[in-house]
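Chain residues, written in single-letter form:
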Amino acid sequence: MEGSKGSIIVLGLLCLISLTNGTIAFTINATDADNDPLTYSISGPNAGFFQNTTVGTTLFKVNATDADTSSGGVVKYSIDEVTPESGGSLFSISDTTGKVTLDGPLNYTGLSSFYRLKINASDGGGRCHFNETKYFSSIVYSFITVLDIADLDPRFLGVPYVGSVPENSDVGTPVLTVSALDQDTGVNDEIIYSIENSTAEGLFNISSDGGIISVSSLIDREVIGDTVTLTVKATESKENIHGEEASTIATVQINIVDLNDNKPEFLQCGDSGVCVNASHFTGEVDEHSLASISINMTVRDLDKSSNTKLILEGLHKDVFSVQPDFTVSQSIVQLLVKQSDKLDFENIQQMVVMVIAMDQDMNSFQSTATVTINIKDINDNSPTFPQNTYKLNVSEHSPAGTVVANITAVDPDTMDQNNIIYSLLPDSILPYFDVEPHAGIVYVKNQTILDREVRSLYSATLQARDSDGKPGSTVLEITVTDINDHPPLMNRDSYLAFVKEGGKLTLKIEATDADDSDTVNSQIVFAIEPSEYSDNFTIDPNTGVLTNRGVLDREALDPELDGKIELNVTATDKGNPPRSSVVSVIINVEDINDNEPQFEASSYKFSVKEGEKGAFVGSVLAEDLDQTTEFNRISFSILDGSFGSFIVRTFAEAGEPGLYRGNITVDPDIELDYESARKNFILRLEATDLGQKKAVVTVEVEVLDVNDERPEFNPIEPVSVKENTVVSGAIGSFLGQDKDGNHSLVYKLESMKCRCNGSLTTCSSFILEPNGTVFVDPANPVDYEECDQVLVEAQVVDEFTEKGENDSVTIGVMVINIEDINDNAPEFIYSDSVFVVVSESASKGTSVAGVTASDRDSGINRQIEFKVTAVQFEDANNHTSNMRTLFEAVTTQQKDIYVGIIQTTEGLDITLKGKYLVTVTATDTGDLSTSTVLEIFTVDESYKVELEFTSSEAEVEKNLNEILRALTAATRTAVEIVAIRPDTASASRASGNTIIVAYFVYSNGTALTSIQVERMLSEPEHYLVLGQLGLKNIGSAPVNEQETDPVKYVLLGMVGGLVIVLAVLTTSLMCTRRNYKRKLKAAKAMNSASMVNSDNQKSGPVVPGTNKYTMEGANPVLNLHIDTTLVLDLDEESSDVDKVSLNSLDCGDDMIMAPKETTNKMMMIQEEDQDSGPPEYIEPLGAALAGRGQKKGSKDLDSGFSNPAFSTTYDL
């Protein structure tokens, strides 16, 4: 192409990219000016793209080749033109790769459905043999078709939709058709139609495929209205790209065409505006009125266009007319009065007409309503009386309000019924008479001035007015008749007369009457009004002479009257009604001495207490019935029988005239004595008035003994009550006595104390009744185990004591002993002792454990018997199995504590590893029992440890408790001593050493080996104490081997004897040297420690890998400044065994450090003690030793206890 000069070769090739799948490729062959071959190709996916193709997608690739080299062979691509131009921003091409990329979103319906791209391929240009640079290019056209997708909702055509249909159309009648299409024209799914909503449900339906809306039920315009609105939905048959059904809605308005299918109807409307159909109406009108009548009637025709005619029918149709008589819509209907003269309430009160509403377009459509018109009365009449004149009579001085006559007027008007007002004329008549204004009752106004003697005839006019004031009247002639209105008059205001009792009275009473003497109104009759003493007198009714009817006795009168009798004498005329007058007559009856004194009783009997001077004995009463003091005054005196011991004084009873009292008392100088011979006195007492009239009475006086002795208790025997009893009966009683003959003893509780645990405390377990009976209080029973005796202290009181103290000098005490019952089961006493079985205790009859128990009951009820009820064995794998009864319990007693010694019933298998679970039951005599389970651990004989002491056996026995405490403190185990014996070795025997054989066992059954015990006892704080107690050496006890037959192995023994002796000697030499060296070093360290104090101690961090500290001379055991080379003999000649022995002390010190080092310590122990015991005890031992890592002084230490199965004294 070097010879070209910018020529552009336009290829007339249109590349139409089809819609088939797969890669589309084509080649364009071209030559440039130099006839170099030019190949042009386009390749890519199919040229049809969906409109939702993602922006940035590579649509296809264009490839043009140029045979030139260098820059002339470099091809660059560009899009020169896009048709239509609006798509210019939608596509881009890579100028180097020819990849066409989508830069904007495609839209089949909103933009264009196809695009033509003009793609240019240009080379890099070159001069070749030209003077200027030439560029060559090729053009190719690419067509891109946009494929539509379902992403648009359908759209209704021809909206809005409005249709119409006549009411009452047949079902199925088509109304209108709606149409919708899919806006995705490239997809064009089928449309399904439906009605989503309707203002009147069920009237229309729509065909799902054609959109035809038709009638589905009867249509009544008058019910549903003029218009029905439907909401129609068009839904595509297939889902859109979002997996949803695309749809749209449209509103369809259907107008209902009215038909004349309803007849007129009448309505009646209420106050709230609600109208209802009605056929009967009412109205009212005043009589003789020409007004319109409201009947609350409305007429309407539901049809849209109506012509309604209204007419009247009925008997009274001519009296009224209807308005309006014609209407084209809903109208209010009224009646008008045409003939008012026919509306006369007095002739007719109600009229009825019928209103007919007729549809003029269809005469058969008509309705009828009945109207009832109530005629209202008006006041068009005046009141009238039945008579023009009334002649009336009334007695003079008739009481005010006396009815003279009841005269009423008549008015036919209804509003005047009971509404007529009456009045009397003229006004001058009103002081004498008046009339009730509403009732027409004529009555007397003033009783006083109505006197016939003044005026005997009155004339008046009675007037009646109705509610409108229309008047009517009549004439009244009233005649006053005479009455007996004058009573008789007494000639004197009162009468006074005197007469002695027993005398005769005569007294004349006089009276006159002002009435006419010729009438009965003036004739007088005398009488005595009834009173208390009126029967004692009589009076002549005509003459008025008053006399006494019998003998007058002043003592028969009330003393308050002082002899005066007051009578009321009446003078009455014979008129009707009779009138009378009264006069008071006072008669004084004068007293005479005609009565003697009288004692109230025929005899008297009194008593008086001994020893009281001037004591009151009693009173006697005497009365003199005479009513004056000159005749009824009395004085008393003792005639005889007193013997100078009594006196009597006279007193007048206040308010009781003639009644006197004589008070008998002991002479103030005399003191009566009950113990003397004279205990009774018979007195004769005399009463005398001033007229010397006398009366005598006998008085008996008894001298009484005085209750002056204090009560006292009889001996009270102790009583017994079983504990917790709730018996209802009495358990005992207090009994007292009183020397006085008359006494009443009552018992009161002073205190109640219970003896509980040897001390007395206040309690309330019993109830003391006032009669001295003691009962158990059910609410507070006594428990013998808490309190064994109750002391009830009571006081006895004499309620009848008259003189001195009324209670006993000393209190009574009842002792109530509480008896025990068997109500408590035995209780085991807790012990954390460790029980083990070793070879020494595995034989039959050996004691291996012990239990203790007590019973809160007493006596025989607290006796306990122990029994082994079950035996199980739990091995090292925690597997438990039942075993036969290998143990038995032997019961003993130590004071109140019962001890059960657990012994073996046969020899035990010492090869078993684990523990025995022994169930021990404690049962008392009442068969109440309690059980506990003992753990007895089996310990192998290899854990036996021998401790050598420099003391004698007797001294060891003496210090055994201190040795046990020191061993327990050092090992924190239970130390089980199985033997104490002299050392049998020749050297030791000469020195008097003693061997203690023991086991060291933790509470979980783990035992320590001799090496472990040695390590623990070698700690400075413990070895120092044990050293002072004589501990010298620690070693393992020899294990007893089973005896073999010497005859059978004699030859083998002779051959191996030398080997065994040699091995034993070698081992003993090494052990002896090692033990001696260790003890020597430890002793030297202790001696050095005893010579220093805390001030010269030095500390410092440990040097890793050594048993030394960084500070000079620091000792790892006591942290003392000690020359380890000199004191501990750590020179070059020291053997490894010695160093190991020293390190064992270091390890022992490490065992009390922080628990986190437990694992390392256990590993060290296992290395040193590889052959020191059965392997199965290593892990439990490790657990036990881990507990020793606590700080010194910790309270959480394992306590050791001696096993009662072992004795410190053995037969050697």
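The structure displayed is predicted, hence computed values, not measured ones.

What counts and what doesn't
- Residues numbered from 1 in each chain as written.
- Predicted model: local features only at pLDDT ≥ 70, side-chain atom pairs only at ≥ 80, totals over all residues.
- Heavy atoms only, no water.
- Salt bridge = Lys/Arg side-chain N within 4 Å of Asp/Glu carboxyl O.
- Helix = DSSP H or I, 4+ residues; strand = E, 2+ residues; numbered from the N terminus.
- Buried < 20%, exposed > 50% of the residue type's maximum accessible area, 1.4 Å probe, protein only.
- Contact = heavy atoms within 4.5 Å.
- Pairing = 2+ DSSP bridges.
- Polar contact = N/O pair within 3.5 Å; in protein donor to acceptor, adjacent residues only side chain to side chain.
- Axes fitted to C-alpha atoms, helices over the stretch in contact; angles between N-to-C directions.
- Parallel < 35°, antiparallel > 145°, perpendicular 65-115°, else oblique.
- Left-handed = near helix turned anticlockwise from the far one by under 90°.
- Nonpolar A, V, L, I, M, F, W, Y, C, P; charged D, E, K, R; others polar.
- Disulfide = S-S within 2.5 Å.
- Expected span 1.5 Å × (residues − 1).
- Phe/Tyr/Trp six-rings, centres within 6.5 Å; stacked < 30°, edge-to-face > 60°.
- Lys NZ or Arg CZ within 6 Å of the ring centre and 35° of its normal.
- Core = buried A, V, L, I, M, F, W, Y, C linked by side-chain atoms within 4.5 Å.

**Things to note about the pattern of salt bridges**
Right, so step 1: The final tally for this structure, using the stated rule, is 23 salt bridges.
Right, so step 2: Lys376 is the salt-bridge partner of Glu284, the closest N and O atoms lying 3.8 Å from each other. With Glu284 in strand β22 (residues 280-286) and Lys376 in strand β29 (residues 366-376), the pair connects residues that are 92 residues apart, well separated along the chain.
Right, so step 3: Residue classification places Lys376 among the partly exposed positions, given a relative accessible area of 35%.
Right, so step 4: Note that Lys391 is salt-bridged to Glu477, the shortest N-O span being 2.6 Å. Here the residue Lys391 occupies a position in strand β30 (residues 389-395), and Glu477 occupies one in strand β36 (residues 471-481), the gap between them amounting to 86 residues.

**Digging into the environment of Glu132**
Right, so step 1: With respect to the secondary-structure elements, Glu132 resides in the loop between β9 (114-122) and β10 (137-147).
Right, so step 2: Look at Glu132 and you get partly exposed, because its relative accessible area is 48%.
Right, so step 3: Aside from chain neighbours lying at most four places away, what touches Glu132 is Gly126 and Arg127.

**Observations regarding the pairing of strand β68 (residues 880-883)**
Right, so step 1: Of the strand pairs in this sheet, strand β67 (residues 864-875) and β68 are connected by 4 bridges, and their pairing is antiparallel. For Glu874, the partnering residue across the bridge sits in β68 and is Thr880.
Right, so step 2: Joining the antiparallel neighbours β67 and β68 is a turn of 4 residues, in which Asn878 adopts a positive phi near 65 degrees.

**Some remarks on the side chain of Glu265**
Right, so step 1: Its location among the elements puts Glu265 in strand β20 (residues 265-269).
Right, so step 2: Of note is the side chain of Glu265, whose polar atom sits 2.7 Å from the side chain of Arg300.

**Observations regarding the sheet that holds β22**
Right, so step 1: The sheet built from 5 strands is open, its strands ordered β22-β29-β28-β24-β26 with mixed pairing. Each edge of the open sheet is held by one strand with a lone partner, namely β22 and β26 (326-327).
Right, so step 2: As paired elements, strand β24 (residues 308-313) and β26 share 2 bridges and run antiparallel to each other. The partner of Lys309 across the bridge, within β26, is Phe326.

**Let's talk about the sheet that holds strand β46 (residues 598-599)**
Right, so step 1: Read across the open sheet, the 4 strands follow the order β46-β48-β51-β50; overall the sheet is antiparallel. In this open sheet, the two edge strands, each paired with only one partner strand, are β46 and β50 (646-652).
Right, so step 2: Of the pairings in the sheet, the one linking strand β48 (residues 616-623) to strand β51 (residues 659-666) comprises 7 bridges and is antiparallel in character. Bridged to Leu621 within β51 is Arg661.

**Describing the packing of helix α4 (residues 960-971) against helix α7 (residues 1020-1028)**
Right, so step 1: Packing of α4 against α7 brings their axes to within 10 Å, and their N-to-C directions diverge by 165 degrees. Relative to α7, the element α4 lies roughly antiparallel. For the element pair α4 and α7, the recorded crossing hand is left-handed. Of α7, the residues touching α4 (which contributes Ile963, Ala966, Leu967, Ala969 and Ala970) are His1022, Val1025 and Leu1026.
Right, so step 2: Among the residues making up the contact of α4 with α7, the classes are represented as 7 nonpolar, 1 polar and no charged.

**Things to note about helix α6 (residues 1010-1017)**
Think of an α-helix as turning once every 3.6 residues; residues three or four places apart then point the same way.
Right, so step 1: Burial runs high along α6: 7 of the 8 residues are buried.
Right, so step 2: Along α6, the positions that sit buried rather than exposed are Ser1010, Gln1012, Val1013, Glu1014, Arg1015, Met1016 and Leu1017.

**Structural notes on the state of the cysteines**
Right, so step 1: Taken as a whole and judged by the stated rule, the model has 3 disulfides.
Right, so step 2: Covalent S-S linkage joins Cys756 and Cys787, the inter-sulfur distance amounting to 1.7 Å. Judged by the sign of its S-S torsion, about 80 degrees, the cystine formed by Cys756 and Cys787 is right-handed. With Cys756 in strand β58 (residues 745-756) and Cys787 in the loop between β61 (773-776) and β62 (789-798), the pair connects residues that are 31 residues apart, well separated along the chain.
Right, so step 3: Residue classification places Cys756 among the buried positions, given a relative accessible area of 14%.
Right, so step 4: Residue Cys787 is classed as buried on the basis of its relative accessible area of 10%.
Right, so step 5: With cysteine numbering restricted to those in disulfides and following the sequence, the chain has the pairing 1-2, 3-5, 4-6.

**Thoughts on α4**
Right, so step 1: Taking 1.5 Å of rise per residue, the 12 residues of α4 would be expected to cover 16 Å, and the 16 Å separating its terminal C-alpha atoms lies within 8% of that figure.
Right, so step 2: All of the buried residues in α4 are Leu960, Ile963, Leu964, Ala966, Leu967, Thr968, Ala970 and Thr971.
Right, so step 3: Contact partners of the buried residues in α4: β73 (945-949), α3 (953-958), β74 (974-982), β75 (994-1001), α6 and α7.
Right, so step 4: Positive backbone phi, approximately 55 degrees, marks Arg972, located one or two places after α4.

**Considering the packing of aromatic side chains**
Right, so step 1: The final tally for this structure, using the stated rule, is 16 aromatic pairs.
Right, so step 2: The interplanar angle of 50 degrees and the centroid separation of 6.0 Å between the aromatic rings of Phe599 and Phe636 together place this pair among those described as tilted. In this pair, Phe599 sits in strand β46 while Phe636 sits in strand β49 (residues 634-640), placing the two residues 37 residues apart along the sequence. Across this residue pair, the class does not change: Phe599 and Phe636 are buried.
Right, so step 3: With centroids separated by 6.0 Å and ring planes inclined at 15 degrees, the aromatic side chains of Tyr604 and Phe606 adopt a geometry described as stacked. Like Tyr604, the residue Phe606 is buried in the burial classification.
Right, so step 4: Of the aromatic side chains, those joined through ring pairs into one cluster are Phe156, Tyr161 and Tyr193.
Right, so step 5: Here Arg678 stacks its cationic end above the ring of Phe643, 3.9 Å away from the centre of that ring.

**Details of the environment of Leu203**
Right, so step 1: In this fold, Leu203 is placed in the loop between β15 (191-198) and β16 (204-206).
Right, so step 2: Since its relative accessible area comes to 6%, Leu203 is described here as buried.
Right, so step 3: Each C-alpha atom, one on Leu203 and one on Asp220, is 9.8 Å from the other, the two residues being 17 residues apart in sequence.
Right, so step 4: Dropping the residues within four chain positions of it, Leu203 is found in contact with Ser214, Val215, Ser216, Ser217, Leu218, Ile219, Ile224 and Val228.

**Topic: the nonpolar core**
Right, so step 1: One finds Leu947, Leu967, Ile977, Ile996, Phe1000, Leu1017 and Leu1031 to be the most contacted residues of the largest nonpolar core, which totals 26 residues.
Right, so step 2: Listed by contribution, the elements that provide at least two residues to this core are β73, α4, β74, β75, α6, α7 and β76 (1031-1036).
Right, so step 3: It is α4 that provides the largest number of residues to this core, a total of 6 residues.
Right, so step 4: Ignoring any residue separated from it by four or fewer positions in sequence, one finds Leu947 in contact with Leu967, Thr994, Ile995, Ile996, Phe1000, Leu1017, Leu1031, Asn1033 and Ile1034.

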